[in-house]
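Observations on the model geometry
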Amino acid sequence: MGVAAKQTLTKSQRPWLRVRNSRRERIVAYFSKISKNYEGFVNWKFLSYFRDRERNTVIRMLALDSGSTLLDVGVGAGFFSRIAKAKGLTTCGVDVVPGMLEAAKPHLNESKVVSVEKLDYKNRFDRIVCAGVLDFTRSPMTAIARMSDAMVSGGRLVILCPRRGPGGVYYIFEKMIFGMRVNLLTREVLTRWAERAGLTYIEHAHPLPTNMAITFEKR
């Protein structure tokens, strides 16, 4: 187990876990509402600049050119699956919102309505992307363990999520407008949870002041 998993987390390294079961229905309802035009919503006007920064970072970290299978967790409209399929990967998308899977259908070889905490795949995928999901997950630690189970040895997991800090506080207030609570995570706690699940930290980046992208590899 690595150093990050042995050390006691300082106050600033601890996550803010704010999602509870009572809020899940509100989260699902919100994303169901925007599922018919999800890409238009997240790329509205100046937002496209920020979305490009996030997505370009994630694509670089995924290293799709050396992959053959992709699990797209919280698939949305299938942006990452579309890129992966164009590179010849077999794609599987999962989401809790059926409307999202319908929108992503052209880019998927397989799909399933399921939450990340209840994934039941075993040793199937060599690339997993989880972008904008752990924000809304009741147990991010369980989610990471399930994604690790789904990966083959040497597989790569890339997570994009909000991070604790001033930018993350802005994100909290943004989502409160829509009646949602979100988690803010830290590199230290994600690495700890990942190491417990048999993953090794590779790298991280901050595409925006509000978030981070982090890469792990399965031992």
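Note: the structure precedes this text.
Starting afresh in each chain, residues are numbered from 1 along the sequence in its written order. Side-chain atom pairs in this predicted model are given and counted only at pLDDT of 80 or more, local residue features only at pLDDT of at least 70, and totals for whole chains, interfaces and linings cover all residues. Each side-chain value is derived from all of the structure's non-hydrogen atoms; neither hydrogens nor water enter the calculation.

1. Regarding the overall build of the protein
The helix count covers DSSP runs of H or I at least four residues long, the strand count covers runs of E at least two residues long, and both are numbered beginning at the N terminus. Counting secondary structure elements, the protein contains nine helices and seven strands. Expressed as lengths along the three principal axes of its C-alpha atoms, the size of the protein is roughly 45 × 40 × 30 Å. Within the protein, buried positions represent 51% of all 219 residues. Each residue is placed in one exposure class: buried if its accessible area under a 1.4 Å probe, protein chains only, is under 20% of its type's maximum, exposed if it is over 50%, and partly exposed if it falls in between.

2. Focus on the pattern of salt bridges
Salt bridges, as used here, are contacts in which a Lys or Arg side-chain nitrogen is within 4 Å of a carboxyl oxygen on Asp or Glu. Here the structure, examined in full by the defined rule, presents nine salt bridges. A salt bridge links Lys122 to Asp149; its shortest N-O distance comes to 3.4 Å. Placement of the pair is Lys122 in the loop between strand 3 (110–113) and strand 4 (125–131) and Asp149 in helix 7 (residues 140–150), with a sequence separation of 27 residues. When the shortest N-O distance is used, the salt bridge between Arg187 and Glu188 registers 3.4 Å. We classify Arg187 as partly exposed; its relative accessible area is 31%.

3. Some remarks on the environment of Arg26
Within the secondary structure, Arg26 sits in helix 2 (residues 21–34). The spacing of Arg26 and Leu108 is 82 residues in sequence and 27 Å in space, taken between C-alpha atoms. Only heavy atoms enter the contact rule, under which two residues are in contact if any of them lie within 4.5 Å. Beyond its immediate sequence surroundings of up to four residues, Arg26 is in contact with Phe178 and Gly179.

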